[in-house]
Amino acid sequence: MNQQSVFLLLGANLGEREATLAKATDLISERIAPVMLQSHLYETAPWGVTDQPAFLNQVISIETILTPEELLSQTLEIEKQLGRERRLRWGARVIDIDMLYYSDQILDTENLHLPHPRLHQRRFTLVPLAEIAPDFLHPVLHKTNQELLNECTDDSQVSVFD
Ligand SMILES: Nc1ncnc2c1ncn2[C@@H]1O[C@H](COP(=O)(O)OP(=O)(O)OP(=O)(O)O)[C@@H](O)[C@H]1O
Ligand SMILES: Nc1nc2c(c(=O)[nH]1)N=C(CO)CN2
């Protein structure tokens, strides 16, 4: 199987957020594939459930020969190792790794939806995604990440973290 470009969103809003994201990136490059592109870290207001601490978010890209399911099981394992416990929908977490795109594949299984079904509704996702891949085309919406960001009505706060 050929190498496929995959975009992953990392998020953390509990504990040592910056150190956890760095560890997640290290584990991904050791166990899955080298990280090709990496956005800035962004501090982002909580989306969905707003009564929780601010997140740090980052988008990275890798080139992998793993299938989407194999990749998901690796990222879930890394989440577990980094101490993720609760699985409340949209709730606070030490680490979250979401698969945004797996090349131009469209997939709807019980465990995996590709592209990530809410990516175009979320400024905390689109800002870092458009930073590293502005021209990448969403295979369902047929718009680039930059176009999706320009059209996104989410007005929650997203700022570069340094
Ligand atoms: N594209 C995807 N990337 C990661 N997990 C996915 C994806 N599509 C479906 N899932 C499933 O979602 C589960 C994770 O759900 P979780 O509770 O973390 O959702 P969430 O991150 O709170 O919400 P959201 O999906 O809106 O970001 C995973 O165990 C996985 O089976
Ligand atoms: N800002 C921000 N808000 C969120 C995030 C996230 O990563 N960043 N993840 C969520 C669960 O998917 C719910 N809300």
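Our subject is the structure listed above.
These figures come from a predicted structure and were not determined experimentally. (Residues numbered from 1 in each chain as written. Chains lettered and ligands numbered in written order. Predicted model: local features only at pLDDT ≥ 70, side-chain atom pairs only at ≥ 80, totals over all residues. Heavy atoms only, no water.)

A few words now on helix α1 (residues 17–31). With 15 residues, α1 extends 21 Å between its outermost C-alpha atoms, agreeing within 8% with the 21 Å of an ideal straight helix rising 1.5 Å per residue. Residues of α1 that are buried include every one of Arg17, Thr20, Leu21, Ala24, Thr25, Leu27 and Ile28, and no others. Down the axis of α1, the sector holding all buried residues measures 165 degrees, keeping them to one side. Looking at the packing, one finds that the buried side of α1 touches β1 (4–12), β2 (35–38), β3 (42–44), β4 (55–64), α2 (68–81) and β5 (96–102). (Helix = DSSP H or I, 4+ residues; strand = E, 2+ residues; numbered from the N terminus. Expected span 1.5 Å × (residues − 1). Buried < 20%, exposed > 50% of the residue type's maximum accessible area, 1.4 Å probe, protein only. Arc of directions from axis to C-beta. Contact = heavy atoms within 4.5 Å.)

Moving on to a nonpolar patch on the surface. A contiguous nonpolar surface patch, about 240 Å² in accessible area, is contributed by Ile106, Val140 and Leu141. Mapped onto the elements, isoleucine 106 comes out in the loop between β5 and β6 (107–108). (Patch = residues over 30% accessible without salt bridge, like charges linked within 9 Å, V, L, I, M, F, W, Y side chains within 5 Å. Areas by Shrake-Rupley, 256 points an atom, 1.4 Å probe, with all protein chains shown as cover. Salt bridge = Lys/Arg side-chain N within 4 Å of Asp/Glu carboxyl O.)

What follows concerns the environment of threonine 64. Inspection of the secondary structure puts threonine 64 in strand β4. Judged by relative accessible area, threonine 64 falls into the buried class, the value being 2%. Between the C-alpha atoms of threonine 64 and valine 6, which are 58 residues apart in sequence, the distance is 7.3 Å. If near-sequence neighbours (up to four positions away) are discounted, threonine 64 is found in contact with Asn2, Gln3, Gln4, Val6, Ile32, Ala33, Leu71 and Tyr102. Polar side-chain contacts of threonine 64 include one of 3.0 Å to the backbone nitrogen of leucine 66. (Polar contact = N/O pair within 3.5 Å; in protein donor to acceptor, adjacent residues only side chain to side chain.)

Looking now at the packing of aromatic side chains. For the structure on display, the rule yields 5 aromatic pairs. Here the aromatic rings of tryptophan 47 and tryptophan 90 are separated by 5.0 Å at their centres, their planes lie at 75 degrees, and the arrangement is edge-to-face. Here tryptophan 90 lies in the loop between α2 and β5 and tryptophan 47 lies in the loop between β3 and β4, a separation of 43 residues in the sequence. Considering the side-chain rings of tryptophan 47 and phenylalanine 124, the 6.4 Å spacing of their centres and the 65 degrees angle between planes classify their relative orientation as edge-to-face. With tryptophan 47 in the loop between β3 and β4 and phenylalanine 124 in helix α3 (residues 123–132), this residue pair connects regions lying 77 residues apart in the sequence. For the pair tryptophan 47 and phenylalanine 124, a shared accessibility class is recorded, and that class is buried. In this structure an aromatic cluster arises from ring pairing among Phe7, Tyr101 and Phe136. Above the ring of tryptophan 47, the side-chain terminus of arginine 122 is found at 4.4 Å from the ring centroid. (Phe/Tyr/Trp six-rings, centres within 6.5 Å; stacked < 30°, edge-to-face > 60°. Lys NZ or Arg CZ within 6 Å of the ring centre and 35° of its normal.)

None of the figures reported here should be taken as evidence of function without further support.
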